[in-house]
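# Reading the structure
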Amino acid sequence: MLARRPLRARLALITSAAVALVALGVLAAAYVVIRYELVRQLDLQLKQQAGIIAQQSHDVRSGVLYDQCAYLAAPACAQVVPADPAAPGQRGLALPVTGATRRVAAGTLGAHYSDITHHGHPMRMLTAPIPGEKGRALQVAARSDTVDQGVRQAGGYLAAVGGVGVLLAAGLGYLASRTSLRPVTRIAATAERIAATRDPAHRIELPPYEACRQDEITRLATSFNTMLGELEEAVAAQRRLVADASHELRTPLTALRTNAELLARADRLTAAQRDRAAGALGRQLREVTGMVNDLIELARDEEPQPLVEQVRLDLLTERCVAEARGHWPGTPFTADVTEATVTEATVPGVPARLARLLSNLLDNAAKFSPTGAMVEARLARAEGGLDLTVRDHGPGIAAEDLPYVFDRFYRSRQARALPGSGLGLAMARQIARAHGAELTAERAETGGARFRLRFPLREAGG
């Protein structure tokens, strides 16, 4: 049944039970201590009385000394008992005599206390040998009504205090659980709202007096808000990607449909018109295919670990530059990887993905370079790592475009007249982040744009 109750009720119940058990344990210990002290005080009183009577009763052989057991005054009852049951003077004894009493008188048993009932009154009795004499024992008894009454009163008071303590523990436990679990309740309510509305814009509201705490519950609520922020940003990015992709695909798909419809009436076209339409259709298909492939690549957040290996950046740069020369025959490319400190320097990564990153940067530089303008790739050591830079001598990046060059589908005014989908630089940055590198863009000092790719340095074999 406890497992079916809400967490708040379970926590309040467990907390209250723990506090109540501790309180009851303390009260029980206090009761035992009080009872022990009251009985001990009565025992000390009987011991003192026995000492006084023993000093005053040397001429009494045996028999009753005091027989006032019905009164609370002390000493109430006292008698001397011989070790021999047949000795004279033992008629009318006020206190019970047992075998233990005879052994005390004979010296074979030490003094001891016992609880008795005499004429309906509870009494405490001390049986002790008489100092300096052998064969006789002294019995002293006093009513223990006051002790029993004090013990009962103490028990009643402690029981009342215990009851109040249990109720107080229950109330404080409920208050503590309610206060401590309030952020958890808000988390559950927020999660239910998000599940019902599918809107991650909701947040857990934390009052200032709760937000300043550093306990685990508050940290959980703060982390949950952070997670919701990341989720909202991811959903917004996904929606932007879908909207941008839809917008970018609309134009080539429309052109594809137009050319397809045109080719469907090929009997009305001349051979030259058919060739132009077929060529345009092929180019548009390649453009759409490339854009879809780029979107698939962008959908991946990390590189496949089984394909990661140590990649030499100098060899990779030379190979990518050589491929770029074939793709852009009108643009000269240079690769400066001869610096001694970077030769054979390696980074962990997927070679094909790093080649795609560098090829995107080289293609972007060639696209914006005037005919005959050089594109420079350079690998050099920098503070804390290796810098791979790609620079062109084109118009450069406008200040208003610089913060957005790596956004998906973003195209500056200069790029809108050029072929491309606006995904190449976004893909390059994603590949760089997946490899623990940092890709930045800047305006070159003497004109043109420079893209800087910084890798943490790892020497070959390290």
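In this report, the structure presented in the accompanying data block is examined.

## A word on the nonpolar core
Judged by nonpolar contacts, the single largest core of 39 residues is most densely connected at Leu361, Leu362, Leu439, Phe451 and Leu453. Those elements giving two or more residues to this core turn out to be helix 8 (313-327), helix 9 (351-368), strand 9 (375-382), strand 10 (385-391), helix 10 (424-434), strand 11 (438-443) and strand 12 (449-456). The element contributing the most residues to this core is helix 9, with eight residues. Leu361 has contacts with Val390, Leu425, Ala428, Leu439 and Phe451, leaving out every residue within four places of it along the chain.

## What about the sheet that holds strand 1 (residues 63-67)?
Spatially, the five strands line up as an open sheet ordered 1-2-5-4-3, and their pairing is antiparallel. Every interior strand has two partners, whereas the edge strands, strand 1 and strand 3 (112-118), have only one. Neighbour-to-neighbour, the strand axes of this sheet turn through a mean angle of 20°, independent of strand direction. Pairing between strand 3 and strand 4 (residues 121-129): seven bridges, direction antiparallel.

## Some points on helix 2 (residues 99-106)
If you check which residues of helix 2 are buried, you get Ala100, Thr101, Arg102, Val104 and Ala105. Elements in contact with the buried residues of helix 2: strand 2 (77-82), strand 3, strand 4 and strand 5 (136-143). Trailing helix 2 by a residue or two, Gly107 shows a phi angle of about 90°, which is positive.

## Some thoughts on the side chain of His118
Take His118: it is sitting in strand 3. A distance of 3.4 Å separates the side chain of His118 from the backbone oxygen of Ala94, its partner in a polar contact. Not counting residues up to four positions away in its chain, the partners in contact with His118 are Cys69, Ala94 and Met123.

## Points about the pairing of strand 12
Sheet analysis places strand 10 next to strand 12, joined by seven bridges and oriented antiparallel. When the bridges of strand 12 are listed, Arg391 appears paired with Arg450. Here six bridges tie strand 11 to strand 12, and the two strands are oriented antiparallel to one another. Its bridge partner lying in strand 12, Ala441 is registered against Phe451. Linkage of strand 11 to strand 12, two consecutive antiparallel strands, is achieved through a turn of five residues, within which Gly447 is found at a positive phi near 105°.

Here is what the cut-offs are and how they apply
- Residues numbered from 1 in each chain as written.
- Predicted model: local features only at pLDDT ≥ 70, side-chain atom pairs only at ≥ 80, totals over all residues.
- Heavy atoms only, no water.
- Core = buried A, V, L, I, M, F, W, Y, C linked by side-chain atoms within 4.5 Å.
- Buried < 20%, exposed > 50% of the residue type's maximum accessible area, 1.4 Å probe, protein only.
- Helix = DSSP H or I, 4+ residues; strand = E, 2+ residues; numbered from the N terminus.
- Contact = heavy atoms within 4.5 Å.
- Pairing = 2+ DSSP bridges.
- Axes fitted to C-alpha atoms, helices over the stretch in contact; angles between N-to-C directions.
- Polar contact = N/O pair within 3.5 Å; in protein donor to acceptor, adjacent residues only side chain to side chain.

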